[in-house]
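# Understanding the architecture of this molecule
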Amino acid sequence: MSTNSNESLNFLEEIIEADLASGKYKHILTRFPPEPNGYLHIGHATSICLNFGLGVKFGGATNLRFDDTNPTTEETEYVDSIISDVRWLGFEPAQIVYASDYFVQLFEWAKVLIQNGKAYVDFSTSQEMATLKGTPTEPGKNSPYRDTTPEENLALFEKMRAGEFPDGHCTLRAKIDMNSPNMIMRDPLLYRIKHAHHHRTGNTWCIYPMYDWAHGQSDSLENITHSICTLEFAPHRELYDWCIAQLGIFPSHQYEFARRNVSYAITSKRKLRQLVEDNIVRSWDDPRMPTISGFRRRGYTPASIREFCDRIGLGKREMVADMSLLEFCIREDLNKSSLRRFAVLHPLKVVITNYPEAQIDHLETENNPEAPETGLRPLSFGRELWIEQDDFMETPPPKYNRLSPGGIVRLKSAYIIRCEEVMKDDAGNITELHCTYIPESRSGQDTSGLKPKGVIHWLSASDAMIAEVRLYDRLFQVEDPAREEDFIATINPNSLQVIENALVEPALMQAELGDRFQFTRLGYFCVDPDSSADKMVFNRTVTLKDTWAKESAK
RNA sequence: UGGGUCAUGGUGUAAUCGGUAACACAGCAGAUUUUGGUUCUGUUAUUCAGGGUUCGAGUCCUUGUGACCCAACCA
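Residues numbered from 1 in each chain as written. Chains lettered and ligands numbered in written order. Predicted model: local features only at pLDDT ≥ 70, side-chain atom pairs only at ≥ 80, totals over all residues. Heavy atoms only, no water.

## Some words on the overall build of chain A
To keep it simple, the criterion reads: For the purposes of this entry, the term helix denotes a DSSP run of H or I that reaches at least four residues, the term strand denotes a run of E that reaches at least two, and both are numbered from the N terminus. The reference for a compact globule is 2.2 Å times residues^0.38; the radius of gyration itself is calculated from the C-alpha atoms. The buried label goes to any residue with under 20% of its type's maximum accessible area, the exposed label to any with over 50%, and the partly exposed label to all in between, with areas taken from a 1.4 Å probe on protein chains only. In this description, accessible areas are obtained by the Shrake-Rupley approach with a 1.4 Å probe, and a residue is regarded as covered only by the protein chains that are shown. The positive count covers Lys and Arg only, the negative count covers Asp and Glu only, and His and the chain ends enter neither. Just so you know, the charge point we use is NZ for Lys, CZ for Arg, CG for Asp and CD for Glu.
Along its length, chain A carries 13 helices and 27 strands. On C-alpha atoms alone, chain A measures out to a radius of gyration of 31 Å, which is more than a quarter above the 24 Å that the 2.2 N^0.38 rule sets for 554 residues. With the C-alpha coordinates aligned to their principal axes, the bounding extent of chain A is approximately 100 × 55 × 45 Å. Taken across its 554 residues, chain A has 52% of its residues classed as buried. A total of about 25,100 Å² of accessible surface is found on chain A, and carbon and sulfur atoms cover 49% of it. Averaged over its 61 positive side-chain charges, chain A has a centre that lies 3 Å from the centre of its 80 negative ones.

## Brief notes about the pattern of salt bridges
Operational definition: Any Lys or Arg side-chain nitrogen found within 4 Å of a carboxyl oxygen on Asp or Glu counts as a salt bridge.
All chains considered together, the criterion is met by 35 salt bridges. Residue Arg-377 pairs with Glu-505 through a salt bridge whose shortest N-O separation is 2.7 Å. Of the two residues, Arg-377 is situated in strand 16 (residues 376-381) and Glu-505 in the loop between strand 24 (496-504) and strand 25 (516-519); the sequence distance between them amounts to 128 residues. Comparing Arg-377 with Glu-505 shows no difference in burial state: the two are buried.

## Here we look at the protein's contact with RNA strand B
What counts, and what does not: Working definition: residue near molecule or strand if any one of its non-hydrogen atoms lies within 4 Å of it. Whenever two N or O atoms come within 3.5 Å, that pair is a polar contact, provided that in protein one can donate a hydrogen and the other can accept it, and provided that, for residues adjacent in sequence, both atoms are side-chain atoms. In the scheme used here, Gly and all other residues not listed as nonpolar or charged are polar, with Ala, Val, Leu, Ile, Met, Phe, Trp, Tyr, Cys and Pro taken as nonpolar and Asp, Glu, Lys and Arg as charged.
Around RNA strand B sit 69 residues, and of these Asn-179, Ile-312, Arg-317, Arg-340 and Lys-550 come closest. Here the atoms of RNA strand B within 4 Å of the protein split so that 65% fall in sugar or phosphate, with bases taking the remainder. Between RNA strand B and Thr-137 there is a distance of 2.9 Å, counted from a sugar or linking oxygen to a backbone nitrogen or oxygen. A distance of 3.3 Å separates a phosphate oxygen of RNA strand B from a polar side-chain atom of Lys-194. Taken together, the elements giving at least two residues each to the surface near RNA strand B come down to helix 5 (126-133), strand 6 (189-193), helix 11 (302-312), strand 11 (319-321), helix 12 (323-337) and helix 13 (547-553). Looking at side-chain class alone, the surface near RNA strand B contains 23 nonpolar, 23 polar and 23 charged residues.

Structure (structure tokens):
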């Protein structure tokens, strides 16, 4: 119910704690209010974690409410994906509700406003309205329709609702103050005519409430105590309060926080759509997309995203959180939880010349050194092996700890080998390595006294299986692509590398959708839904931290 | 006649309503390591500017500067 007194609270938590302490509320109720007009992205994820997180932290609850007041942009498909994204993140709404549930109530309340002389039907065109609205530095002018009597307005509003006017013919506006310094308060639109099919109410309505007429009242109807939104809605708060005051209904309160952006990502719906439609990515759930479904397919865990949202904190100033923090969070989670497996992405054949032709040795290695209880798994060792091309260099740079001519290296959980001969084709390409192994260097019973500097992963040619591996990198090359004049130009041309014929441990062929692994020394990988019984596909979620890559780049 | 929101290391967030500017990520250096992973240790770097109040200011006052939002029949 209450929080630890020694931990520092963010400004919203302080407000809530004070409201609870003063007895203003016994329980808090928040809400996550997406418009179902697209897929959720990482920005929404932070809002979900915020709203639901607050509900959980203070023993309250959180509604999922679809702000479906614009029938021309909204679809059931989006409703479904949003519900599943929220649940995937690990939250269960107290209620799943819709602004459209309140259309009748909202309509009745509009009539109350009209009767009280606080709203009028305006036949001005949008152009005329814009002119009369003034500018931030110049006052507006009253509409010629502003002094129509309540009786007349009521009749006109009923006609609007009855479908007697075409789209755009007139609107219902609140009568507030055309001289207000707050542009939002200069007689805002409450209803507009749209003869459109609504994904839930069908054709029963041809007038639809605007955001400002729907949101606060929806909050109030649900008894939302803390209605949390982003900074750009701050000027709307005055209108939010005005509407509630006019109706004398439960006073929900709006609080604003700064949208939480993430570097190297984009969260504009328009731009995300462009990426999909221009086939720059494959789909909305392409693992490079900053959508929740993209992160899911990429292999991110819900816990890692929640942890990220916790760690970036909350404020009221514009911010861009570091993508590297998100990467830290997923590595931290997966390091503890994922089983280790060997995979060789770019194979180089190694022949152990002093190892018997047909002999297969059975070795073991740990599933996860961070979690010994996960036990060991079997590994086959034979005369022919695969290692990573990167793990051999004919002329190694300084500090290179891997294999080179005449040098030794430890094959993890197996033997130490020495490179005796480099085989090449006519073009000079390395085709295979001839090595010898040190029989007394077997892992766990090493009496060789040798101390190779490097340890590399490997696969036995006798049982390695082929799989497809997709390596993802950042989609954008700049930290803040949204700020670029042409964000498409900043796209990383190497954001996806497909390796059709990678080699993996045989056990990986039984992996199932949702499984996550660490491919030893390579990174964290998950099973992609494109996988089939005969062709497994793995996505790289994130690389391991790679200090050698940094060192060698110097 | 403009209104609103904000300003603390590279990034993000704190600082018990005036009392040693801290935590995390990133970076750098080292130790450990049969993953160049993990773990551990150390380290670099911060209060937008000017003025004022005060023994003492990130915090209070004042004057500036800068950033973002608002003039959709979108949310």
